[in-house]
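Descriptive structure summary
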Number of protein chains: 2
Amino acid sequence: MDVQLKRGLLDVCVLAVLKQGESYGYKIISELSPYIEICESTLYPILKRLEKSGCVTTRTAEHNGRLRKYYMITQMGKHKINEFLSDMDEFVKVHEFIRRRNV
Amino acid sequence: MDVQLKRGLLDVCVLAVLKQGESYGYKIISELSPYIEICESTLYPILKRLEKSGCVTTRTAEHNGRLRKYYMITQMGKHKINEFLSDMDEFVKVHEFIRRRNV
DNA sequence: TATAATACTATGCGTAACAAGGTATTTGGT
DNA sequence: ACCAAATACCTTGTTACGCATAGTATTATA
């Protein structure tokens, strides 16, 4: 998918994954990969951003002798998803506008 | 609509307008305004970009003693619209992915 | 024993939307 | 006659975000 079209989409994808339960960086990528490509150097800044803006909280736990950072969605994060879905109503109308003029 | 979500959308909106026939800056804004907000300082760089990439051609004509720059879509521009619509198939699937996880 | 997979992080680049500001003419209201 | 709004175009600087590239380090697998 065109890079520009992903803008603003990836944040919400990550939040949508976390809505189903806590997860961690590497796993989030693999959960999203069937739907949208997101590379590490994109994801980790997103996670940092989401934490800073209060959309997720974190806990660090040991797994197989390695530290893993788990991310959990907050109320604010859920609110962000709903905001996105509202925007999508508008987006869909614009999409239709373009399709109508393409016949 | 969120600024980031507009990324990559506005170019195609402009092209979709031009697919219906030539138009000029000010008119394009008014034709789009019921569907999506686009300000002048966004539109004119877009038009320049589209011209540079061969998606539109221009002609300048006098109208009421004032110069007006008319923009016309090219084959390349039409191709760009179709590329966008392909990307949208993917986008729609991601949208559904998010909606499903938001119940 | 090497290579893939797992797991996280930092730096720098390019693109696009927009705020703010500038220029100039015409039209409409009072 | 005068001012505001509408018409019409353009430039500069800022900000945000996706990604390429690179680095670090452990564990599993062939």
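Details of the structure are given in the entry above.
I will try to describe carefully the structure that is included in this document. (Residues numbered from 1 in each chain as written. Chains lettered and ligands numbered in written order. Predicted model: local features only at pLDDT ≥ 70, side-chain atom pairs only at ≥ 80, totals over all residues. Heavy atoms only, no water.)

**What to know about the overall build of chain A**
Scanning chain A from N- to C-terminus turns up five helices and three strands. Sequence-ordered secondary structure for chain A, helices as α and strands as β, is α-α-β-α-α-β-β-α. With respect to the three principal axes, the spread of C-alpha positions in chain A is 60 × 25 × 20 Å. Looking at chain A as a whole, 43% of its 103 residues qualify as buried. Of the accessible surface of chain A, which amounts to about 5900 Å², a share of 48% is contributed by carbon and sulfur atoms. Taking the average location of the 17 positive side-chain charges in chain A and that of its 13 negative ones, the two points are 1 Å from each other. (Helix = DSSP H or I, 4+ residues; strand = E, 2+ residues; numbered from the N terminus. Buried < 20%, exposed > 50% of the residue type's maximum accessible area, 1.4 Å probe, protein only. Areas by Shrake-Rupley, 256 points an atom, 1.4 Å probe, with all protein chains shown as cover. Lys, Arg positive; Asp, Glu negative; His and termini not counted. Charge placed at Lys NZ, Arg CZ, Asp CG, Glu CD.)

**Details of the protein's contact with DNA strand D**
Close contacts around DNA strand D come from 24 residues, with A:R7, B:E40, B:K48, B:R66 and B:R68 the closest. Among the atoms of DNA strand D close to the protein, meaning within 4 Å, 64% are from sugar or phosphate groups. The separation between a phosphate oxygen of DNA strand D and a polar side-chain atom of B:Y44 is 3.1 Å. In the environment of DNA strand D, a phosphate oxygen lies 3.0 Å from a nitrogen or oxygen atom belonging to the backbone of B:K69. Breaking the surface near DNA strand D down by element, the ones donating at least two residues are α1 (3–6) and α4 (40–52) of chain A together with α3 (25–32), α4 (40–52) and β3 (66–73) of chain B. Residues that form the surface near DNA strand D fall into these classes: seven nonpolar, seven polar and ten charged. (Near = heavy atom within 4 Å. Polar contact = N/O pair within 3.5 Å; in protein donor to acceptor, adjacent residues only side chain to side chain. Nonpolar A, V, L, I, M, F, W, Y, C, P; charged D, E, K, R; others polar.)

**Digging into the protein's contact with DNA strand C**
By nearness alone, 25 residues border DNA strand C, and A:Y44, A:K48, A:R66, A:R68 and B:R7 come closest of all. For DNA strand C, a base nitrogen lies 2.6 Å from a polar atom in the side chain of B:R7. Take B:G8: an N or O atom from its main chain is 2.9 Å from a phosphate oxygen of DNA strand C. Within the surface near DNA strand C, the residues separate by chemical class into seven nonpolar, seven polar and eleven charged.

**Section: the relation of the copies chain B and chain A**
In the superposition of chain B on chain A (RMSD 0.1 Å, axial shift 0.0 Å), the rotation amounts to 180°. Given the turn and translation reported, the copies of this chain are related as if by a two-fold rotation axis. By residue overlap, the copies meet face to face through one surface: 100% of the interface positions of chain B are interface positions in chain A. (Least-squares fit on C-alpha atoms with pLDDT ≥ 70 in both. Contact = heavy atoms within 4.5 Å.)

**Regarding helix α3 (residues 25–32) of chain A**
It helps to recall that an α-helix has 3.6 residues per turn; residues three or four apart then point in one direction. Of the positions making up α3(A), those classed as buried are A:G25, A:I28, A:I29 and A:L32. The buried residues of α3(A) occupy one face: seen down the axis, they fall within an arc of 100°. Where α3(A) is buried, its residues touch α2 (9–19), β1 (23–24), α4 and β3 (66–73) of chain A together with α5 (75–100) of chain B. (Arc of directions from axis to C-beta.)

**Overview of the interface of chain B and chain A**
Facing 33 residues of chain B, the contacting portion of chain A comprises 33 residues. For the chain B and chain A pair, buried surface summed over both sides reaches about 3500 Å², with 69% attributable to carbon and sulfur atoms. The largest contributions to the chain B side of the interface with chain A come from B:Y35, B:F91 and B:I98, which together make up 18% of the buried area. Along the contact surface separating chain B from chain A lie zero salt bridges. Taken together, the connections running from chain B to chain A amount to ten residue pairs in polar contact (both at pLDDT 80 or more). Secondary structure elements with two or more residues in the side of chain B that touches chain A: α1 (3–6), α2 (9–19) and α5 of chain B. Sort the elements by how many residues they give to the side of chain B that touches chain A and α5(B) lands first, with 15 residues. (Buried area = accessible area lost by both parts, 1.4 Å probe. Salt bridge = Lys/Arg side-chain N within 4 Å of Asp/Glu carboxyl O.)

**Considering the environment of A:Q4**
Relative to the helices and strands, A:Q4 is located in helix α1. Assessed through its relative accessible area of 30%, A:Q4 is described here as partly exposed. If we skip the residues at most four places from it in the chain, A:Q4 touches B:Q4, B:R7 and B:G8.

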